[in-house]
Amino acid sequence: MRIGILGGTFDPIHLGHVNLIVNTSKILNLHKIIIVPNSNPHYKKNTIKSNFRDIKNMIKLALDKKINFIVSDIENDCSKKNYTYQTLKKIISDGQKNNYFLILGSDYADNFHTWFESKKILKLIDLVLVERPGFQSNISNIINLDKSYSHEMNYKSIKVNYNLKSKRKILRLSLKNSIDASSSESRNALKKFDEKKIKKLLPIEVYNYIIDNGLYN
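Residues numbered from 1 in each chain as written. Predicted model: local features only at pLDDT ≥ 70, side-chain atom pairs only at ≥ 80, totals over all residues. Heavy atoms only, no water.

Trainee: A description of the layout of surface pockets should follow, citing residues and the corresponding values.
Mentor: Estimated volume of the largest pocket: approximately 960 Å³. Mapped by element, the contributors of at least two residues to the lining of the largest pocket are β1 (2-8), α1 (15-27), α3 (84-92), β4 (99-105) and β5 (126-131). Here the lining of the largest pocket is composed, by residue class, of 17 nonpolar, 17 polar and 6 charged. A volume near 280 Å³ is recorded for the second largest pocket. Arg-2, Ile-27, Leu-28, Tyr-155 and Ile-158 are the residues nearest the centre of the second largest pocket, which is lined by 14 residues in total. Every element with two or more residues in the lining of the second largest pocket is listed here: β6 (152-155), β7 (158-162) and β8 (169-174). With 3 residues, β7 is the single largest residue contributor to the lining of the second largest pocket. Residues that form the lining of the second largest pocket fall into these classes: 9 nonpolar, 2 polar and 3 charged. (1 Å grid on protein atoms, 1.4 Å probe; cavity = no way out; pocket = protein on both sides within 12 Å on 5 of 7 lines; lining within 4 Å. Points joined across faces, edges and corners; volume = space filled by probe spheres on them. Helix = DSSP H or I, 4+ residues; strand = E, 2+ residues; numbered from the N terminus. Nonpolar A, V, L, I, M, F, W, Y, C, P; charged D, E, K, R; others polar.)

Shown next, in the form of structure tokens:
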């Protein structure tokens with residue numbers, strides 16, 4: 001099976017997330033995406049920490065019937081820092097012969113080389129960088145980790161850097177339509193009760209859940 005893995009705080013999940021997840025799944029012909037909400041990411045300080053159950057429920061509402069997905073509980077412990085490499089090892093060690101893809105926004109390309117065990121991540125999984133329209137990611141820092149990725153080719157609308165030694169790939173793809181949204185912007189709109197803006201940022205099912213459960217007051 002072709003399985004995508006996407007992590008994040010999703011606090012809350014917004015239309016930009018949904019657009020990225022659904023369209024990346026279609027472009028890469030993924031059979032399933034594993035969504036990994038991170039309760040305590042190492043790269044964020046003073047993280048807004050909503051109840052993990054609420055975040056999980058909002059993700060399910062936002063993606064219901066759009067794609068085949070599961071929401072993982074693997075990073076639900078907010079008492080410890082979570083690192084991508086450790087999480088990937090746990091997911092991939094299921095013993096099944098699946099092809100896994102780590103999905104990232106292209107803005108992570110510049111600092112990926114600073115991640116914990118970044119070289120090992122490249123050996124463990126194929127990397128997918130999703131670019132916004134008109135924005136091209138710079139993967140020079142990633143290639144410097146392993147020069148074997150320096151050969152580039154195009155496959156349909158996807159740019160591929162293929163490592164002949166490890167057989168791993170770095171894929172860059174662009175979404176035809178992009179939705180400019182962020183979780184912090186969504187939380188601010190909710191605090192101000194700017195309903196017009198909220199409906200441009202959040203799936204209606206997520207908005208209704210937030211209202212019904214009194215979140216982000």
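After that view, the rundown keeps rolling.
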